[in-house]
Amino acid sequence: MLEINFRIKVFYVVAKELSFTRAARELFISQPAVSKHIQELETSIGQALFLRKGKGLVLTEAGHTLLDSAKVIMKEYALADYRLGLLRDQVVGQLIVGASTTLAQYIMPKLIAGFVKEYPDVRIKLFNGNTADVDRWLNDKRIGIGFVEGLPEDSSLKYSKLWGDSLVPVARPDHPIFKDATIKLDDLRRQEFIFREQGSGTNDIVFQRFKQFGIEIKELLNRVQMSSSESIKRYVELSDCIGIMSIHAVKDELERKDLRLVEVEGFSIHRHLYMVHLHGEVSGLPKLFMRYVEKNKSACDNYML
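Predicted model only: the values in this text are computed from it and were never measured. (Residues numbered from 1 in each chain as written. Predicted model: local features only at pLDDT ≥ 70, side-chain atom pairs only at ≥ 80, totals over all residues. Heavy atoms only, no water.)

**As for unusual backbone geometry**
Most peptide bonds take the trans configuration, and most residues that are not glycine carry a negative phi.
Then, number 1: With a phi close to 50°, Leu-18 is a non-glycine residue in the positive phi region.
Then, number 2: As for its position among the elements, Leu-18 is in the loop between α1 (6-17) and α2 (20-27).
Then, number 3: Residue Lys-141 is not a glycine yet carries a positive backbone phi of 60°. (Helix = DSSP H or I, 4+ residues; strand = E, 2+ residues; numbered from the N terminus.)

**A few points about the pairing of strand β1 (residues 50-53)**
Then, number 1: Here four bridges tie β1 to strand β2 (residues 56-59), and the two strands are oriented antiparallel to one another. Across the sheet, the residue bridging to Lys-53 is Gly-56, located in β2.
Then, number 2: Here β1 hands over to β2 after two residues, with Gly-54 in that stretch at a positive phi of 65°. (Pairing = 2+ DSSP bridges.)

**Focus: the side chain of Ser-239**
Then, number 1: Tracing the backbone through its elements, the reader meets Ser-239 in the loop between α10 (229-237) and β9 (241-246).
Then, number 2: For Ser-239, a relative accessible area of 13% gives the class buried.
Then, number 3: Among the polar contacts made by the side chain of Ser-239, one reaches the main-chain carbonyl oxygen of Tyr-235 at a distance of 2.9 Å. (Buried < 20%, exposed > 50% of the residue type's maximum accessible area, 1.4 Å probe, protein only. Polar contact = N/O pair within 3.5 Å; in protein donor to acceptor, adjacent residues only side chain to side chain.)

**Topic: the confidence of the model for the chain**
Interpretation of this model should avoid reading the predicted coordinates in detail wherever pLDDT is low.
Then, number 1: A residue-level look at the chain finds 96% of positions with pLDDT of 70 or above and a mean pLDDT of 88.
Then, number 2: Within the chain, strand β10 (residues 260-261) carries the highest mean pLDDT (95), whereas helix α4 (residues 61-87) carries the lowest (83). (pLDDT = per-residue confidence, 0-100.)

**Side note on the packing of aromatic side chains**
Then, number 1: Throughout the structure, instances matching the rule amount to 13 aromatic pairs.
Then, number 2: Judged by centre distance (5.7 Å) and plane angle (5°), the ring pair of Phe-193 and Phe-195 falls under stacked. For the pair Phe-193 and Phe-195, one class covers both residues: buried.
Then, number 3: By the ring-pair criterion, three or more aromatic residues cluster together here, those being Phe-193, Phe-195, Phe-207, Phe-210, Phe-213 and Phe-267.
Then, number 4: Sitting over the face of the ring of Phe-178, Arg-260 holds its NZ or CZ atom 4.0 Å from the ring centroid. (Phe/Tyr/Trp six-rings, centres within 6.5 Å; stacked < 30°, edge-to-face > 60°. Lys NZ or Arg CZ within 6 Å of the ring centre and 35° of its normal.)

**Brief notes about the environment of Gly-46**
Then, number 1: Tracing the sequence through the fold places Gly-46 in the loop between α3 (31-45) and β1.
Then, number 2: On the basis of relative accessibility, which here comes to 62%, the residue Gly-46 falls in the exposed class.
Then, number 3: A sequence separation of 244 residues divides Gly-46 from Met-290, and the C-alpha atoms of the two residues are 42 Å apart.

**A few points about the pattern of salt bridges**
Then, number 1: Counted according to the given criterion, the structure contains 26 salt bridges.
Then, number 2: Notably, a salt bridge pairs Glu-26 with Lys-16, separated by 2.7 Å at the nearest N-O pair. In this pair, Glu-26 sits in helix α2 while Lys-16 sits in helix α1, placing the two residues 10 residues apart along the sequence.
Then, number 3: What you see here is one network of salt bridges that share partners, running through Glu-230, Lys-233, Arg-234, Glu-237, Glu-253, Arg-256 and Asp-258. (Salt bridge = Lys/Arg side-chain N within 4 Å of Asp/Glu carboxyl O.)

Okay, structure coming up:
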C-alpha cells in the first residue's frame, strides 16, 4: 500500500474531526502523538493551523488553505494506490461511503458484504447520518460516494435513482386509532406523531406528502423526534404515537405483530432511494463500488415495495 506523508494525514483527520481525541482514535495513535505531529507541521510552515474554541478546535486561515490542498492530496494518493494495485492484478485501498439512516441500517450492509467478498483487499468505512449530513460530507470530500433517501436538492451533486420505497404509518396493535373499522385522512389530524430529526430525508418526503393532502405539519401533535429508526420503533411500541417509516425498517415488527400498519383511505407515500456523488468523473474505488451497486441492486429489491 502506498503511504501518504503521515503529518499531512494527521492534519487531514484532525481538520475533519476538529478534535485531537477523535483523530487519535481514528489513526490508532495517542493524543499526545497527534498534538506533536500538528505542532511540528505548524513549526515547519511557520503558522498556526488550529485555534481552540471551548472544548473543540477551529481552523485558522492557514488551516483552511492547507486543508484544501490536503483533500486533493488524499484523493490523489487513494487513486494512485488503487491504480498501482491494478498493475499487480489487485484491487486495494480504502473506500469511504456515507449513507442516510435507513439505507445504512437496512441496505448497505448487504451490498458491502458482497463487495468485500469479491474484493477482499479493500477496506471500507461506512458513515451513517441523515441526508443533509451525506450531502455535506460529499461536498467536504470526506466520503467518495453517498446513498440518500431525501429529495435531490444540492445542485453540486448528481443523484441516481436506485430503488423505490414505501413509507408507511405504524402504531402499536392496541392503539386507539384501530377502534374504527375505517381510518380516514382527517383521523390523522387527531393523532400524535413521532418524526425524525431535522435534516432527515424521510421528513422531507413525509411533510411534502402531508401538504399535498392538505395537512400542514404544524397542525399535528409532535413532542418527540429521534434520529434512529430502531429508537422510533421502540418508542412507538410503548406509546400512542404513530411513526412513519420505510416498509423494510418495520418488516420484522409487522411480521411479529409488534407493530401494525395504519391503513388510511387514499393515503400512500412512495419515494426513491438515490446514489449520489459530486459532478464530474468518479474514479478509483468509488467508481468500482458504483458499478457493483448498479450490477447488484436487484439483490435488494425484495426489501422494497
